Each structure stands twice: as C-alpha cells, then as structure tokens.
Amino acid sequence: MSRTRALNKRIHINQYTFLVLLTFLVGVFVRSYNVTNLPAGLNQDEASIGYETFSLLNTGYDRNGNSFPVHFISWGNGQNALYAYLSMPFVSVFGLNVFSVRIVNLLFSCLSLLVFFLLFRLVFDKDKALVALLILAICPWNIMLARWGLESNIFPFLFLLGVFFLQKGITSSSNFFPLSFSFFAISSYSYGTSYLILPLFFLLVIPYLLYKRNISVRNLIISLTVFAIISFPIILFVVINQFSQSQIEIFGITIPRLVENRTMQIFNIITPDFLSVLVKNIIRFISVFVLQTDGNYYNAIPSFGTIYIISFPFFIVGLLTRLKKSILKNEPHHYIFLVWLICSFILGFCSQVNINRINIIFFPTLYFVILGLFDVYHFLTPSYKRYYKIFVVSIYLLFFTLFLGTYFIYSNEKGKQDFSSGLGEAIQYAEKIASKKTINITENGINMPYIYVCYYNKINPTLFKNTVTYGKSENGFRSVTSFGHYTFGQNKNANVKILNENEIDYHMQGLISHKKFGNYYVATYK
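Residues numbered from 1 in each chain as written. Predicted model: local features only at pLDDT ≥ 70, side-chain atom pairs only at ≥ 80, totals over all residues. Heavy atoms only, no water.

Draft legend 1. Broad picture of helix α15 (residues 332–350). Relative to the 27 Å expected for 19 residues at 1.5 Å per residue, α15 spans 27 Å between its end C-alpha atoms, a close match to the ideal helical length. The buried fraction of α15 is high, at 15 of 19 residues. (Helix = DSSP H or I, 4+ residues; strand = E, 2+ residues; numbered from the N terminus. Expected span 1.5 Å × (residues − 1). Buried < 20%, exposed > 50% of the residue type's maximum accessible area, 1.4 Å probe, protein only.)

Shown next, in the form of structure tokens:
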C-alpha cells in the first residue's frame, strides 16, 4: 500500500512539473516568436535607446556628448538610461539591430514568469503558483511589452524582484533584505514613475514590517544604506533638475540637466488648477484601468485588454476578500501587494495615464485576480467546483487563442504607423542613391525622424553632435531640423526626399522617380 502511495505521489509530482514546464515554455514561445518582425519596424523610443547604446559602446558618450550619464537627455526631456546599459552586451555581440534592442524586455518578461511563480510558491501552495504562472504566461500586457524595446517597461520586473526578495527576507532569511533593497534602488534608474512609487511604498511598508517584527532595525539600516548608495546618482539627478542646477560629472559619470524637467510632465497635478486636473486624471485612470485600453494598439487590443476583460471581476473578489480578512493583522504578503496596488493608484491620480505610465500596477492586479479565482472556487458548493474549473480554464484559453490570432495576424497592419514600418529600408536606400546630396525626410506621421537616420545608418555620434541643428521645443521634446546631409520637415530644394505614402501626390512637381518601402516613398527630383 505504501509503495502504491509513493508511486502515485511521484506521478503527481511529475505531472505538476510537466505542467509548470509546459506553461513556462508556452509563455516564452509567445513572447519570442518572430519578435524582430512583430511589431514590424521600430518605435522612435526603441531607435533612440538603441542608438544611445551604440554611442556608449563606441565612444563612451551618449548622443548629446555626456559621459556615461545616469539619465539620457535624448529628446530634450529625457529618456531612462538603464535599458541601454543592459543592452550593451547584446549590441556588442549581435550588432545594432531589432533583436539586440528588444532582447532585454524579452528576457525580463520571460524571467518574470519564473519570479512570479516562485513568489506564489513561497507564500502559497503549488496550485496557486501554477495558476499564477498560467495567468501571467497568457497575459496580453506581459506578452506585448516583451515584444518591443520600450525602456520604461523593465520597471515592473525590477520592482517584482525587490518584492520577491523582500518576502524571502520575511519568510526565509534576513540576508535577503539588502538584496531586495538593491533591486528597488536599481529600479529607480528604469522609469521616472519610480520617484513617486518607491518613497510611497517604503513609507507604507517599512513601519508595518518593523511593527510586525518582520525586519530588525539593524537589517533595515543596512538595507536602506545599500539603497541610498546605489540610488544616490539618480537622486542627485532629480535634485539637479528639480532645482534647475547645472549638470555635473563625477568619476566619468554624468548627472545631466535636461532641457525640460520631465518629472513635471509625468506628475501633472503640480499646477494652480490642481482640483480640475486631479479629477480629469482620476477619470482617465479609471477608464484605462477598468476598460484596459488607452487607445494605443501597441499597448492593448481593445477586445482583450491588458489582463483580459474577464479578469476584472476576479480582481474585485480577490481584493475585497483580502480586505475583509483584515490583512493588516497577520499576512505581510497581502499587505505588501495591497500597498503596491495603492501606490499604483496614487500614481494614476497624479498623472495623465497611459498603459506604459501605469505599468507598475499590473503585477499587484494579477495577484488579486489569481486569489479571486480561488476565492470564487471556495465559495462554491462541491457539486459546482468541477464545472467552475472547466469553465475558467476554457474561457481563458479561448480568450488567449483569440488574442494570439488577433495580435499575430492583424496587429502589424494596425501598428505600421506607430513603428514606422519600412522607414529603415527607405533611409538606407536613400543614402545609397543620394551620393551625399541632401536628403529630406518628412515629419508627417513620423516622430523624431532624425533618430531613425542615426539608428539605421549607424551615424558616428561625434558627427551627429558636431553637425546637429535643433529646432523649437514643444512639450519638452526638442526637434532636430538638420544634421550632416539630412534635413527634416519641409525642404523644397532637396534632391532626394522620404515622404509618407499619403504625401506623394502633393510632391509630383520635378519628380524623376520614386520607390515605395512600407508606408514610405523615396522620391528623387531634378
């Protein structure tokens, strides 16, 4: 009898291991399949971060001539630098291309599957851990962020690592606390929203941990010291830009002064019209969070949303059940995720949100979704539990299948403009035929066209810095009117022009020939 039990237990363990591996591999596959071509082309932020990485590797300076900056000036109002530093090994090995620009987000998204699973194994049972892995593996938000190189989308994963090791410190060993605070500090270099999230999170979590004796004063002092040392350069960056001080360089590391302070753009409630802006922010946040779309097809497909529309009722159940059970009394993991969620809500109230801007909200949301799924199961009578499991698995797999079909088949057509599909080929063809004559690129439907020239032609950063002419700044974004033999916007005298496909009919005078690349024409003139 004991042998039979042991055999059954071994079979059960093997089945569980198989399901975990299968779910993880499916998650990795849907994130990595054809990642260089879907989305097709490059978003301007991808091109920018790729070129900054290329510039640092080749010169030790960014495109504005700053030595290893803690934050890029980039557009004038800044761009987070951590993604570029993480990309340097890949650009060095694989060259500057779509794969090397996107691989950091791809890797972090795949690793988030593992960390999320391990976090649930740490604080719950293996069944909840498997469901957590499955829900994240098929989550539209996490799949879509993996497939393009927006630098701010590494923030949620780094914060998740901080929370994971914080929980390890509570449940396993206090030695994990400094590691936890290290990842929190590193996350401050990934996105400007961390400047609000991290202080709020510490303010609400640290007193609780001390009160519950989950962390000693000694361990807290050590951990905060580690955090302060690692985050000091970015704190100095915030101070310099907040109080309009001059940029500085320390041991070859630049703390830059932006053309315009981006913090004021993110947190837009700092205005005399505070109440009006706050109300608008709250309405916008609730709309984006509940309806799970911000109008940008590269962030969410409206029919499916960020976490699937069907998940929201489970989120409500999971959240209300935790509140009802008085999480302040006995369960630190619930409290930590509730605080994480509260901080995300406050961020949403303080800014005009899109899905990227509130990317920090989705892990705690999924946490309560998963608990809500189990809460509903426990509410049911035994006769209905089996049907409930079949229903939940079936409906999620149906949504997942429909999402994949929609995303992989139709999303490229929708996203051609957002990722400037064909522009790279057009630039390289124009360079080939121009023979150093002036090339003019339209700004119609192209955000910051100059960065695509820098990226695709691998322009020497020194040449760019020495020849660039900046135009007017609008909302903190500094335009470029020309550099080298390129001009941008309107230039009637250019012999070679790159035009949006909807412009060619208005530029027929003097046209000798034209060739189409995706959404763009390369046109030559007399």
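Read on, since the account is not over.
Draft legend 2. Representation of the nonpolar core. Formed by 163 residues in total, the largest nonpolar core has its most connected members in Phe159, Phe201, Tyr450 and Phe483. Leu511, Tyr521, Ala523 and Tyr525 belong to the second-largest nonpolar core, a separate cluster that totals six residues. (Core = buried A, V, L, I, M, F, W, Y, C linked by side-chain atoms within 4.5 Å.)

Draft legend 3. The arrangement of the sheet that holds strand β7 (residues 477–483) in detail. Taken in spatial order, the seven strands make up an open sheet running β6-β7-β8-β5-β9-β11-β10, and their pairing is mixed. For this open sheet the edge positions go to β6 (469–474) and β10 (511–517), each flanked by a neighbour on one side alone. Strand-to-strand twist across the sheet, computed as the mean angle between neighbouring axes with direction ignored, equals 25°. (Pairing = 2+ DSSP bridges. Axes fitted to C-alpha atoms, helices over the stretch in contact; angles between N-to-C directions.)

Draft legend 4. Just the packing of helix α7 (residues 155–171) against α15, in detail. Look at α7 against α15: their axes get within 11 Å of each other, and the N-to-C directions meet at 155°. Between α7 and α15, the interaxial angle falls into the category roughly antiparallel. Crossing angle aside, the handedness with which α7 passes α15 is right-handed. Here Phe159, Leu160, Val163, Leu166, Gln167 and Ile170 of α7 come into contact with α15, specifically with Pro332, His333, Ile336, Phe337 and Trp340. (Parallel < 35°, antiparallel > 145°, perpendicular 65-115°, else oblique. Left-handed = near helix turned anticlockwise from the far one by under 90°. Contact = heavy atoms within 4.5 Å.)

Draft legend 5. Just helix α19 (residues 449–456), in detail. Of all eight residues that make up α19, eight are buried, and the element is covered over most of its length. Within α19 the residues assigned to the buried category are Pro449, Tyr450, Ile451, Tyr452, Val453, Cys454, Tyr455 and Tyr456. Count one or two residues on from α19 and you reach Lys458, which has phi positive near 50°.

Draft legend 6. The arrangement of the pairing of β10 in detail. For β10 and strand β11 (residues 520–525), the ladder comprises six bridges, and the chain directions are antiparallel. Within β11, the position partnered with Phe517 by the bridge is Tyr520. Connecting β10 to the next strand, β11, in antiparallel fashion are two residues, including Gly518 with a positive phi near 60°.

Draft legend 7. Geometry of the environment of Ile360. With respect to the helices, strands and loops of the structure, Ile360 is situated in the loop between α15 and α16 (362–379). Once the C-alpha coordinates of Ile360 and Ser194 are considered, the two residues, 166 residues apart in sequence, prove to be 9.0 Å apart. Those residues within four positions of Ile360 in sequence are excluded, and the remaining contacts are Phe155, Pro156, Phe159, Ile197, Trp340, Ser344 and Leu347.

Draft legend 8. Focus on the environment of Asn502. In this structure, Asn502 sits in the loop between β9 (496–500) and β10. Residue Asn502 is classed as partly exposed on the basis of its relative accessible area of 48%. Sequence spacing of Asn502 and Asn519 is 17 residues, and the spatial spacing of their C-alpha atoms is 8.5 Å. In this structure the side chain of Asn502 is engaged in a polar contact, spanning 3.1 Å, whose partner is the side chain of Asn444. (Polar contact = N/O pair within 3.5 Å; in protein donor to acceptor, adjacent residues only side chain to side chain.)

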